[in-house]
Amino acid sequence: MQTTYIMVKPDGVQRGLVGEIIQRFERKGLKLVGLKQIIPGEKIAREHYAVHSERPFFPGLIKFITSGPVVCMAWHGKDAISVARNLIGPTNGREALPGTIRGDFGMDIGYNMIHGSDAQETAEFELGLWFPEGINDWKQDSQSWVYE
Ligand code: DAT
Ligand code: MG
């Protein structure tokens, strides 16, 4: 079992896609264990995208991610990190297949609506960064009909 950090970015919030995105994770059978809306400051944005700090698009990425509210989520389940990445689709929406979130709603690489952790270590780092207060441990009764 894994927990992954998922975030609807400012473009997804502005376009009113929060409900649509949450619904896809819920329907898949993942369990929601953390949810909040925040307007990220520069510090948390730079820490989150630190691996990209030397890339030419970094300044624009920080400006974008701090431009308005994001919706922070933690989703739990079997192989949750790769399952979530598959629901999201590849980085560039024009190359993402229909059926994925980016494939269904995105056209440009910078405005790809959603972030998902890419590995166990990044998930732990990102969950600690965005949910310093911790996430929720609860039993979802329907999970007994998701996993055999
Ligand atoms: P992903 O979000 O699929 O994990 P990533 O970690 O490579 O992609 O990049 C982080 C974000 O940075 C990505 O969601 C959008 C932006 N980005 C990546 N490559 C870019 C590029 N070549 N031009 C502009 N923005 C880019
Ligand atoms: Mg990434």
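One structure accompanies this document, and this report is about it. (Residues numbered from 1 in each chain as written. Chains lettered and ligands numbered in written order. Predicted model: local features only at pLDDT ≥ 70, side-chain atom pairs only at ≥ 80, totals over all residues. Heavy atoms only, no water.)

### Some remarks on the site of ligand 1
(1) Moving on: The local shell around ligand 1 consists of K9, Y49, H52, F57, L61, R85, T91, R102, I109 and N112.
(2) Moving on: Taking K9, its side chain carries an N or O atom lying 2.9 Å from an oxygen atom of ligand 1.
(3) Moving on: Measuring from an oxygen atom of ligand 1, one finds a side-chain N or O atom of T91 at 2.7 Å.
(4) Moving on: Protein chains shield 75% of the accessible area of ligand 1, which is 510 Å² for the free molecule.
(5) Moving on: The residue inventory of the shell around ligand 1, partitioned by class, reads 4 nonpolar, 3 polar and 3 charged. (Near = heavy atom within 4 Å. Polar contact = N/O pair within 3.5 Å; in protein donor to acceptor, adjacent residues only side chain to side chain. Areas by Shrake-Rupley, 256 points an atom, 1.4 Å probe, with all protein chains shown as cover. Nonpolar A, V, L, I, M, F, W, Y, C, P; charged D, E, K, R; others polar.)

### Some points on helix α4 (residues 58-65)
(1) Moving on: Along α4, the residues classified as buried are F58, L61, I62, F64 and I65. Along the long axis of α4, the arc covered by the buried residues comes to 160 degrees, so they all point the same way. Facing away from the buried side of α4 by more than 90 degrees, the exposed set consists of P59 and K63.
(2) Moving on: Those residues of α4 hidden inside the fold are in contact with β1 (2-8), α1 (10-14), α3 (42-48) and β3 (70-77). (Buried < 20%, exposed > 50% of the residue type's maximum accessible area, 1.4 Å probe, protein only. Helix = DSSP H or I, 4+ residues; strand = E, 2+ residues; numbered from the N terminus. Arc of directions from axis to C-beta. Contact = heavy atoms within 4.5 Å.)

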